[in-house]
Amino acid sequence: MKILITGFEPFGGETINPSWEAVEKLPKKIGETTLVKAQLPVEFIGAGERTAELYYKEAPAAILCVGQAGGRSAISIEQVALNLMDSEMPDNAGFCPKGLPVAEGGPDGLFARLPARALKETLCQAGIPAEVSLSAGTYVCNALMYRVMTLLQEGEQGGFIHLPFLPAQAAGKSGRPSMTLEMMVQGLSMIIEQLSIHP
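Conventions we followed
Residues numbered from 1 in each chain as written. Predicted model: local features only at pLDDT ≥ 70, side-chain atom pairs only at ≥ 80, totals over all residues. Heavy atoms only, no water. Helix = DSSP H or I, 4+ residues; strand = E, 2+ residues; numbered from the N terminus. Contact = heavy atoms within 4.5 Å. Pairing = 2+ DSSP bridges. Axes fitted to C-alpha atoms, helices over the stretch in contact; angles between N-to-C directions.

## Focus: the environment of Val23
Tracing the backbone through its elements, the reader meets Val23 in helix H1 (residues 18–25). Between the C-alpha atom of Val23 and that of Met179, which follows or precedes it by 156 residues, the distance is 15 Å. Once residues within four sequence positions are removed from consideration, Val23 is found in contact with Ile5, Thr6, Gly7, Lys37, Val66 and Leu188.

## Things to note about the sheet that holds strand E5 (residues 75–78)
Ordered in space as E2-E3-E1-E4-E9-E5-E8, the seven strands form an open sheet in which the pairing is mixed. The sheet is open, and its two borders are formed by strand E2 (29–30) and strand E8 (130–133), each paired with just one other strand. When E2 meets strand E3 (residues 33–40), the two strands line up antiparallel, connected through two bridges. Following the sheet pairing, Lys29 is matched in E3 by Thr34. Packing of H1 onto the sheet brings it into contact with strand E1 (2–8), E3, strand E4 (62–68) and strand E9 (157–163), and relative to E1 it is tilted by some 145 degrees. Across the face of the sheet, helix H3 (residues 116–125) comes into contact with E5 and E8 while running at roughly 165 degrees to E8.

See below:
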């Protein structure tokens, strides 16, 4: 089994992005599952285009995209992506959409193909803070998740995972929750193991 797993470059004035830091630390294989890892640009259009290129090239059985959600204190397993790009902050290409669709004429929302609640329980039982999230926002992460859900064929799994800030990003900033890189990597590894067990 092959899984495409992606993380993002830094954005919003940060010098690191926990999503890529964690993805990069994952081994090349987890059990019998081969990981195809890629760092994506924080771009509404570019992130989806790069993921589509990799999907058609690698033909994975699942796509797991990972992003940063500053302010959250748990690993968030997203359940739904909205057909909406709406932001007050430009992406890394300078694009700042206001109320635009991800896909013209597409469904208003698309659900992830992940066993979200089972994954949450697995992580929580291991002492890793986790939650099921009903909002991936309306920034690049949501747009990428929506694009991924349009790519997947019948029987293929896919979805989006949000990670908190790393401790280095939260240092000296009161009220900023964080999670260690080691715990993030452990959590992602457990999610991948579950997807491998239930392809």
